[in-house]
Structure formats: C-alpha cells, structure tokens
Amino acid sequence: MKAASRTLILSNTAIEKLKRHKKLQQLEIAAAEKWNYNNLIFCRTDGEKYAPGSATEFHRRLMASFSLDHVRLHDLRHTAATLMLQEGIHPKAVQEIMGHASISTTLGIYGHVTPGMREQAANVMDDLLAPIPVELKRS
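These numbers come from a predicted model, not from an experiment. (Residues numbered from 1 in each chain as written. Predicted model: local features only at pLDDT ≥ 70, side-chain atom pairs only at ≥ 80, totals over all residues. Heavy atoms only, no water.)

1. A word on the environment of F42
Let me state the cut-off plainly: A run of H or I in DSSP counts as a helix once it spans at least four residues, and a run of E counts as a strand once it spans at least two, with each numbered from the N terminus. Residues count as neighbours in contact if any of their non-hydrogen atoms are within 4.5 Å of one another.
Residue placement: F42 occurs in the loop between α1 (12–31) and α2 (54–65). Separated by 77 residues in sequence, F42 and E119 place their C-alpha atoms 40 Å apart. Apart from residues no more than four positions distant in its own chain, F42 is found in contact with L18, H21 and Y50.

2. Remarks on α2
Selection criterion: Helix span is expected to be 1.5 Å times the residue number reduced by one.
Under the 1.5 Å per step criterion, the end-to-end length of α2 is 16 Å for twelve residues, consistent within 8% with the ideal 16 Å. Looking one or two places after α2, you find S67, whose phi comes out positive at around 55 degrees.

3. Details of the nonpolar core
The cut-off we apply is this: Working definition of a nonpolar core: buried Ala, Val, Leu, Ile, Met, Phe, Trp, Tyr and Cys residues. They are joined through side-chain atoms within 4.5 Å. When accessible area is computed with a 1.4 Å probe and restricted to protein chains, residues below 20% of their type maximum are described as buried, those above 50% as exposed, and intermediate ones as partly exposed.
Formed by A81, M84, L85, V94, M98, Y110 and M117, the largest nonpolar core amounts to seven residues. Of all the secondary-structure elements, those providing two or more residues to this core are α3 (75–86) and α4 (91–98). By residue number, the principal contributor to this core is α3, which donates three residues. Setting aside chain neighbours within four positions, we find Y110 in contact with H74, R77, H78, A81, T82, M98, H100 and T105.

4. Some thoughts on the side chain of T82
By the element assignment, T82 lies in helix α3. Under the relative-accessibility criterion, T82 is labelled buried at 6%. Non-local contacts of T82, meaning those with residues more than four positions away in its chain, are made with Y110, G111, H112, T114 and M117.

5. Quick notes on unusual backbone geometry
The general pattern is negative phi for most residues beyond glycine and trans for most peptide bonds. With a phi close to 55 degrees, N39 is a non-glycine residue in the positive phi region. Mapped onto the fold, N39 is located in the loop between α1 and α2. Positive phi values are uncommon outside glycine, yet S67 reaches one of about 55 degrees. With respect to the helices, strands and loops of the structure, S67 is situated in the loop between α2 and α3. Classification of S67 as exposed rests on a relative accessible area of 69%.

See below:
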C-alpha cells in the first residue's frame, strides 16, 4: 500500500463535523444555479475544486484576522504528529496516520521533543526506579 493512499480512522468529533458539513453542502447544492458533481468533500460553492494555494491563503488570512503570528499551514502537520507522540500514541500508528513510508521520517522530522515530554520521561523513570530497594553498605 502506498503511504499516500490510506484508510483513516476518524474521531467521533471529526465524523460529526463532516456530517454537519455534508448537510450544509446539500443546502448549497439545492440553492445553486449550477452544481458540478465532482464527488468532493471540500469544494467551492459550485462544486468545483479550489485553486491550488487556496487553503494556504485562507489559513494566512485567518491567522492575520486573529493577530496571530504567521505559522505555515504545513507546520500543523508537525504539531499534530508531535501532540500524538506526546500523548503516548505509538510511533507506528502516528507514522500510518501521517502517511510516512518510514518511521525515521515520523520520529526524525515530525517528532519534536517538548519540555513536557522530557518531564514525562523523567517521571516514568522515577516510577520505574523508586520501588527498587537500594542499600548502602559501609565497609
């Protein structure tokens, strides 16, 4: 299976949002003078594809409207991968979700280490080592 072609398991929240979007899209279809049925989930109000770069431009304007610093749309992929790894999602699962052919891509490029992850690692080591009795003998 090609990494770019994959089946995703969606969260209940994502499924509900997509169902809501579909209902709104059905209203758009009913109201449209002309609708081009291209079987697209996200499309213009006439059913056609968005132009390349439309999502990037929308994201840029959205960030500016909230006076937020510019963050590339692609950086959200890095954030998603990092958050999943931080929450303990198995790296192989993150690799499949992200569509990476190699785990080294997921961990090396997308697996950013956060301060919270380092603290979590220290706490895990505490939990592992604390029960081990240590006796110091004087000679």
